[in-house]
Structure formats: C-alpha cells, structure tokens
Amino acid sequence: MIPQVLVVEDEDALSALLQYNLDKEGYAVTVAGDGEEALVLIDEQMPDLIVLDWMLPKVSGVEVCRRLRARPETRNLPIIMLTARGEESDRIRGLDTGADDYVVKPFSMSELAARIRAVLRRIRPGLAEDRLHHGDIVVDRAAHRVRRAEKEIHLGPTEFRLLDYLMQHPGRVFSREQLLDAVWGSDVYVEARTVDVHIGRLRKALNRDLNADPIRTVRSAGYSLDVAA
Ligand code: CA
C-alpha cells in the first residue's frame, strides 16, 4: 500500500521540493497549484493525505479545508496545513479549520515527514499494518487471509482488495467511482454497477451464518464500513 499524498502549493520551487522529498519518503505524490485544482483532483482520486498551503490563489487553503470537512466522503481526510510564520499561523491556530496538524514555514523536510507519518498513524493506522481489525473481522495482508468471528472467510482477489480498502477507512462513505479508482485503478474502465456486484459477493461471504452486515449502503452516495461493527 503506497499512501497517496496531494500537495497543494502555489510556489513552484516549494511544490517541486515537496514532491521530490515526499516521493523519496515512499509516497505517491500529486501536486495542485491552487485550491480549485485541488478540489477537482480530490474528486477524481481521493488521496490518503493532503499537504495544504494556507495562502492559495482562487480558493484559499482554509476554504478548501472547510469544503472538505463539509462533505461526508472527505470529512476524515487527513490534512496538514502549511502556514507562514507570523500572523497567519497565529490566526490559523485560533480558527477551527478542521486541519489535523499545522507546519509553519520555513520547515525542514524531516519535520514535515514526521508530521505526515504521525497523522497517518493516528488517522489511517491501516496504511502501515500487516493486519487490519474491525469488529470481529481480521484481514491478514501478508497471508492474504480473512477471518470473521474466528472463521475463515474465502474471498476473491477483488473482494479482498475492496474489504482491505474499506477497513482502512471505517465509517467513511465512498462513491462507486471512488471505490473503482481505489480498488480497480483509475486507468481501468469498469462500469459503476460492477462495484455493486462485488460488494454483494463480499457481503455474502462475510455475513454467512451471521446477522450483522458490516457494510452500509448509503442511498445515492455509495458504501461504507459501519463504524459500530
Ligand atoms: Ca502560498
């Protein structure tokens, strides 16, 4: 699992430096030069974390943050805000923008990398783990095995990837298009209803002999793994 990081920064030199260094840290990096482009890119492919500059053309970093927090599918998306030293950073701390962490410019790449690791560990522990746990479901990534209530569950490769992805983001609602991008890849053309078919198979496999369905269908929105499973 390579975490996808979206860098939103209008200073080209800093943007290039961030891209180079985060790439070296093992992240898949995408860059946007303004807030509007960032929102479009997030719609196309959901990143695992955003490094977001506070001062941006078109749509400001704070406004991007506010809009992402207002939408259910991006409400829990990890955001690290970059701020300039001085008034902005004081103001930003006083504001409830919803960012998960702040880094004040100028900063060292090792400091930013440490903050990114800390935020991902806190919010997305699944990215780094060999085993994912959710309720009575255990996904063993190394052995490619799934158990529910101590019973072995047999899944096809697509259902396995779907479950793995949902277990990394309990409670987050994904549209069919987002699941297609994450599980099938954005280069592959698959119809959205294919997702329904595989969710159906995943449910059937997981819910055998059990009543509680851990997957929630959100009308006209998509699917999520129930937080209370
Ligand atoms: Ca800026």
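Residues numbered from 1 in each chain as written. Predicted model: local features only at pLDDT ≥ 70, side-chain atom pairs only at ≥ 80, totals over all residues. Heavy atoms only, no water.

Q: Describe the overall build of the protein chain, and please don't skip the residues or the numbers.
A: Check the secondary structure of the protein chain and you find eight helices and eleven strands. Dimensions of the protein chain, computed from the C-alpha atoms along their principal axes, are close to 60 × 35 × 35 Å. By residue count, 48% of the 229 residues in the protein chain fall in the buried class. In the protein chain, the share of contacts with a sequence separation of at least 24, taken over all contacts with a separation of at least 6, comes to 56%. Counting only carbon and sulfur atoms, one obtains 49% of the accessible surface of the protein chain, whose full area is about 11700 Å². If you average the places of the 32 positive and of the 38 negative side-chain charges in the protein chain, the two averages end up 6 Å apart. (Helix = DSSP H or I, 4+ residues; strand = E, 2+ residues; numbered from the N terminus. Buried < 20%, exposed > 50% of the residue type's maximum accessible area, 1.4 Å probe, protein only. Contact = heavy atoms within 4.5 Å. Areas by Shrake-Rupley, 256 points an atom, 1.4 Å probe, with all protein chains shown as cover. Lys, Arg positive; Asp, Glu negative; His and termini not counted. Charge placed at Lys NZ, Arg CZ, Asp CG, Glu CD.)

Q: Before we move on, can you summarise helix α2 (residues 35–44) with the specific residues and values?
A: Here α2 has its buried residues at Gly 35, Ala 38, Leu 39 and Ile 42. Angularly, the buried residues of α2 cover 95° about the axis, an arc narrow enough to put them on a single face. The backbone nitrogen of Glu 36 has a side-chain oxygen 2.9 Å away, supplied by the residue at the start of α2, namely Asp 34. (Arc of directions from axis to C-beta. Polar contact = N/O pair within 3.5 Å; in protein donor to acceptor, adjacent residues only side chain to side chain.)

Q: Describe the coordination of the calcium ion, listing the residues and the values that go with them.
A: The coordination sphere of the calcium ion, as far as protein atoms go, consists of Asp 10 (OD), Asp 53 (OD) and Met 55 (O), spread over 2.0 to 2.3 Å. In terms of primary sequence, the donors binding the calcium ion are separated according to D-x42-D-x1-M. Residue Asp 10 is located in the loop between β1 (4–8) and α1 (12–24), and its partner Asp 53 is located in strand β3 (residues 49–53); the two are separated by 43 residues in the primary sequence. Given the relative accessible area of 34%, Asp 10 is considered partly exposed. (Donors = N, O, S within 2.8 Å, 3.2 Å for Na, K, Ca; no water.)

Q: So what about the environment of Phe 160? Which residues, and what values?
A: With respect to the helices and strands, Phe 160 occurs in helix α6 (residues 157–168). Since its relative accessible area comes to 7%, Phe 160 is described here as buried. Taking the C-alpha atoms as reference points, Phe 160 and Arg 85, 75 residues apart in sequence, are found 46 Å from one another. Excluding residues within four positions of it along the chain, Phe 160 makes contact with Val 139, Asp 140, Arg 141, His 144, Arg 145, Val 146 and Leu 155.

Q: Help me get a handle on the pairing of strand β5 (residues 101–105), residues and values and all.
A: Across the five residues of β5, five count as buried, placing the element largely inside the fold. Of the two faces of β5, both are covered, the one formed by Asp 101, Val 103 and Lys 105 as well as the one formed by Tyr 102 and Val 104. Bridge count between strand β4 (residues 79–84) and β5: five bridges; the pairing is parallel. Bridging across to β5, Ile 80 finds its partner in Asp 101. (Pairing = 2+ DSSP bridges.)

Q: Outline the nonpolar core, supporting the account with residue identities and numerical values.
A: Core analysis: the largest hydrophobic core is formed by 25 residues, its most contacted members being Leu 163, Leu 166, Leu 179 and Ile 215. With six residues, α6 is the largest single contributor of residues to this core. Ile 215 has contacts with Leu 166, Ile 199, Leu 202, Arg 203, Leu 206, Tyr 223, Ser 224 and Leu 225, leaving out every residue within four places of it along the chain. If you look at the next biggest cluster of nonpolar residues, it comprises 20 residues, including Leu 39, Leu 56, Val 59 and Leu 77. (Core = buried A, V, L, I, M, F, W, Y, C linked by side-chain atoms within 4.5 Å.)

Q: For the sheet that holds β3, give the residues involved together with the corresponding values.
A: With parallel pairing, the five strands of this open sheet are ordered in space as β2-β1-β3-β4-β5. Looking at which strands have only one partner, the edges of the open sheet turn out to be β2 (28–32) and β5. Direction aside, neighbouring strands of the sheet carry axes that sit 20° apart on average. In this structure, β1 lies alongside β2, joined through five bridges in parallel fashion. From the neighbouring strand, Gln 4 faces β2, where its bridge partner is Ala 28. Most of the contacts of α1 go to β2, to which it runs at about 170°, and overall it touches β1, β2, β4 and β5. (Axes fitted to C-alpha atoms, helices over the stretch in contact; angles between N-to-C directions.)

Q: How would you summarise the environment of Glu 11 if you had to cite specific residues and measurements?
A: When you line up the elements, Glu 11 lands in the loop between β1 and α1. Remark: the alpha-carbon pair of Glu 11 and Arg 219, spanning 208 residues in sequence, is separated by 41 Å.

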